[in-house]
Amino acid sequence: MLEEVLDARKGGGAFCNGQRIQVSATNQVERSLLVTGFGYDHDDAWATNIELFKEFTDISRGVRRLGAAAVDMCHVALGIVEAYWEYRLKPCDMAAGVLIVEEAGGVVSRMDGEKFCVFDRSVSNGAIHAKLLERIGPSTEKLRSKGIDFSLWYKPKDYRADV
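The numbering scheme is per chain: residues are counted from 1 as the chain's sequence reads. A pLDDT threshold of at least 70 governs which residues receive local features in this predicted model, and a stricter bar of 80 or more applies before side-chain atom pairs are shown or counted, although totals over entire chains, interfaces and linings include all residues. Working from all heavy atoms in the structure, the side-chain values ignore hydrogens and water.

*Asks:* What's the story with the overall build of the chain in this structure? I'm lost.
*Replies:* Of the regular secondary structure elements, the chain holds four helices and eight strands. For the chain, the α and β elements follow one another from N to C terminus as β-β-β-β-α-β-α-β-α-β-β-α. For every residue, the accessible area obtained with a 1.4 Å probe (protein chains only) is divided by the maximum for its type, and the residue is called buried under 20%, exposed over 50%, and partly exposed between those limits. Per-residue burial for the chain yields a buried fraction of 44% across its 163 residues. Contacts between residues were defined by any pair of non-hydrogen atoms, one from each residue, lying within 4.5 Å. Intrachain contacts of the chain at a sequence separation of at least 6 include 69% that bridge at least 24 residues. Throughout, the Shrake-Rupley method with a 1.4 Å probe supplies accessible areas, and for residues the shown protein chains are the sole cover considered. Counting only carbon and sulfur atoms, one obtains 50% of the accessible surface of the chain, whose full area is about 9,100 Å². For helices the rule is a DSSP run of H or I covering at least 4 residues; for strands it is a run of E covering at least 2, with both sets numbered from the N terminus onward.

Encoded structure:
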C-alpha cells in the first residue's frame, strides 16, 4: 500500500514524505487536468458547477471528481492536477489544503477572485489561476445576483476578513 504524508508550515514549504513538493508549471487550461466537487444539495450552485464542469471538460485535458477537498488540494500541491474548484466548502474541508497548496507555490482565492478567507468558498490552483477565474468568476456573480452568498453559513458573527 502506498502511503503519502503531506505537511506544510507557513513560510516553510510543503513536503510529501519529507521531500519538498511544488505545483505544476502548466500554464494553459487546454493542457491541464482539473478537479472539482459537488455538494449534496442539487440547487443553483450545484447546477452552475455542472455547467462549469461541462465547459472545462471541453477545453481541458479532463475534469475529475474525487470526493475529498483536502485530497484534491494535495493533488494540486503535488502537481498531479493543475487546479481544483468547488462551491460551498466548509473551513474544515480546506484549511489544511490551503496551506499545503500555497506552500507548494500555488494560489488560493475566493471563487470571484477576491482574497481567500477560510470562511468563504474557494478555488485553488497553480499557474492557470487567472485563466480559470475568467470563467468561474462570472458564474459566481450570477449566483450572487440570485441572492446566494457563500460566506454566510460558517462565518463567526464578529469575524472580520480585513484583520
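Right, picking up where we left off after that structure.
*Asks:* Quick question: what am I supposed to make of the pattern of salt bridges here?
*Replies:* If the charged atoms of two oppositely charged side chains come close together, the side chains can form a pair. The rule for a salt bridge is simple: a side-chain nitrogen of Lys or Arg has to be within 4 Å of a carboxyl oxygen of Asp or Glu. According to the stated counting rule, one finds eight salt bridges in the structure shown. Among the salt bridges present, the one from E55 reaches R135, with a minimum N-O distance of 2.6 Å. Remark: R135 occurs in helix α4 (residues 129-145) and E55 occurs in helix α1 (residues 44-59); sequence separation between them is 80 residues. By relative accessible area, which is 29% here, E55 ends up partly exposed. Each of the salt bridges in this network shares a partner with another, and the network as a whole consists of R110, D112, E141 and R144.

*Asks:* Help me understand the confidence of the model for the chain, please; the structure alone is not making it clear to me.
*Replies:* Reading fine detail from the predicted coordinates is not recommended where pLDDT is low. Here pLDDT means the predictor's own confidence in every residue, given as a number from 0 to 100. With 85% of its residues at a pLDDT of at least 70, the chain reaches an overall mean of 86. Predicted confidence in the chain is weakest over strand β8 (residues 122-125), with a mean pLDDT of 62, and strongest over strand β3 (residues 19-20), with 98.

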